[in-house]
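Commentary on secondary and tertiary structure
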Amino acid sequence: MEKTIDGWVCGALGVVIFSGSMPATRAALAGFDPLFLTVARAALAGLLALVLLITFRQPRPVRDDFVSLAVVAFGVVLGFPLLSALALRHINAAQSQIFLGLLPLATAMFGLLRGGERPRRGFWVFAGLGSACVIGVALRHGADLSQEGVGLMLAAILVCGLGYAEGAKLSRKLGGWQVISWALVLALPVMLTLCWLNAPATLAHVPGGAWAGLAYVAVFSMLVGFVFWYRGLALGGIAAVGQLQLLQPALGLAASALVLHETVPPVMAVATVAIVLCVAGAKRFV
C-alpha cells in the first residue's frame, strides 16, 4: 500500500511537470526550428544526465537492457518531442492538449503489451470515459484543427505511450531516474551531431521567451519530470498511474492561458471534476 501511494504521488508530480511541456515548446518555437529544438533539448538533458550518472557512480546497464533503452529513447527523447513540435507549427498549445486525453489509453495499451498488466474491464470503461470527456470538451470549444497537426499529434501520442510503458517496465529493474538518464546518454552522440548540423546561423535574435522554453523542456520535461513519472509508473502500475495523465490537458490549458495568453474554455473546470472521478474509478478496477 505504501509503495502504491508513493507511486501515485510521484506520478502526480510528473504530470504537473509535463503539463508545462506544450506551452514551453510553443514558446521555444518562436526562436528555434522544430528539429533543432528537439535535438537541443535532448542534448542538454543528455549532458546533465551523464553528469548525474557519473556523480552517483551508476553501473552500466547489461546488454539485454539496451533494446528497451533504445525504445525509450525513440519514444520520449526523439519521437514525441519532434512530432509534437512539428504539430505546434499547425495548431496552438491549447489545441494540442486535446490529444493528451488519448495518452492514458495509449500508455495502458502498451502497458498491457509490454508490461504484462491485465486491468479489469471496469478500468477500461473509466479510462475510456475520462479520455472521451477530455476530447469531447476540447473539440467542442476548439477552433478548426489542421489535418497535419492532428496527424502529427496522434503519432506523437502513440510513440509517447510506448516510451512510457517501456521505461516503466525497465524502471522496476534499473530505477526511474536511471532509465531516462541512460536513454538520454544512449541518444547523446546522435543528438549532439544533429544539434551541430542544424544549429541556426545566429542566436543573437532569439527572444528570451524561446530560451526559457528551451530550458524548461530540456531540464524539466526531458529529465526531471521522468524521474518522478517512471518511479510512479513502476510503483503504482503503468495502467493505473497512467490515468493521472487525464489531468494533464486541464493543467496544460491553464499553463497555456497563463504563459501564452491563449483562450481556455471555462467548462474545462467542470470537466476536470469529471476527469478526477474517472481517474478514481479506473484506480479501483486496476
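Overview of the structure. From a predicted model like this one, the values you see are computed outputs, not experimental measurements.

Reading the values: the criteria
Residues numbered from 1 in each chain as written. Predicted model: local features only at pLDDT ≥ 70, side-chain atom pairs only at ≥ 80, totals over all residues. Heavy atoms only, no water. Patch = residues over 30% accessible without salt bridge, like charges linked within 9 Å, V, L, I, M, F, W, Y side chains within 5 Å. Areas by Shrake-Rupley, 256 points an atom, 1.4 Å probe, with all protein chains shown as cover. Salt bridge = Lys/Arg side-chain N within 4 Å of Asp/Glu carboxyl O. Helix = DSSP H or I, 4+ residues; strand = E, 2+ residues; numbered from the N terminus. Phe/Tyr/Trp six-rings, centres within 6.5 Å; stacked < 30°, edge-to-face > 60°. Buried < 20%, exposed > 50% of the residue type's maximum accessible area, 1.4 Å probe, protein only. Axes fitted to C-alpha atoms, helices over the stretch in contact; angles between N-to-C directions. Left-handed = near helix turned anticlockwise from the far one by under 90°. Contact = heavy atoms within 4.5 Å. Nonpolar A, V, L, I, M, F, W, Y, C, P; charged D, E, K, R; others polar.

What follows is about a nonpolar patch on the surface. Residues Ile-5, Val-9 and Leu-13 make up a contiguous nonpolar surface patch of about 250 Å² in total accessible area. Summarising the element assignment, Leu-13 is placed in helix 1 (residues 2–18).

In this structure the tally under the stated criterion is 10 aromatic pairs. Taken together through their ring pairs, the aromatic side chains of Phe-18, Tyr-164, Phe-226, Trp-229 and Tyr-230 make up a single cluster.

Throughout the structure, instances matching the rule amount to three salt bridges. Asp-65 serves as the salt-bridge partner of Lys-173, at 2.9 Å between the closest nitrogen and oxygen. One end of the pair, Lys-173, is in helix 8 (residues 147–174); the other, Asp-65, is in helix 4 (residues 65–87), and 108 residues separate them in sequence. Residue class for Lys-173 comes out exposed when judged on its relative accessible area of 53%.

It is worth spelling out the packing of helix 3 (residues 34–55) against helix 4 at this point. Axis angle and axis distance: for two packed helices, these are the angle between their axes and the distance between the axes, and together they describe the pair. Two elements in contact, helix 3 and helix 4, have axes whose closest approach is 9 Å; the angle formed by their N-to-C orientations is 150°. As for the relative orientation of helix 3 and helix 4, their crossing is right-handed in sense. Of the residues in helix 4, those in contact with Pro-34, Leu-35, Thr-38, Arg-41 and Ala-42 of helix 3 are Val-77, Leu-78, Pro-81, Leu-82, Ala-85 and Leu-86. Split into classes, the residues belonging to the contact of helix 3 with helix 4 amount to nine nonpolar, one polar and one charged.

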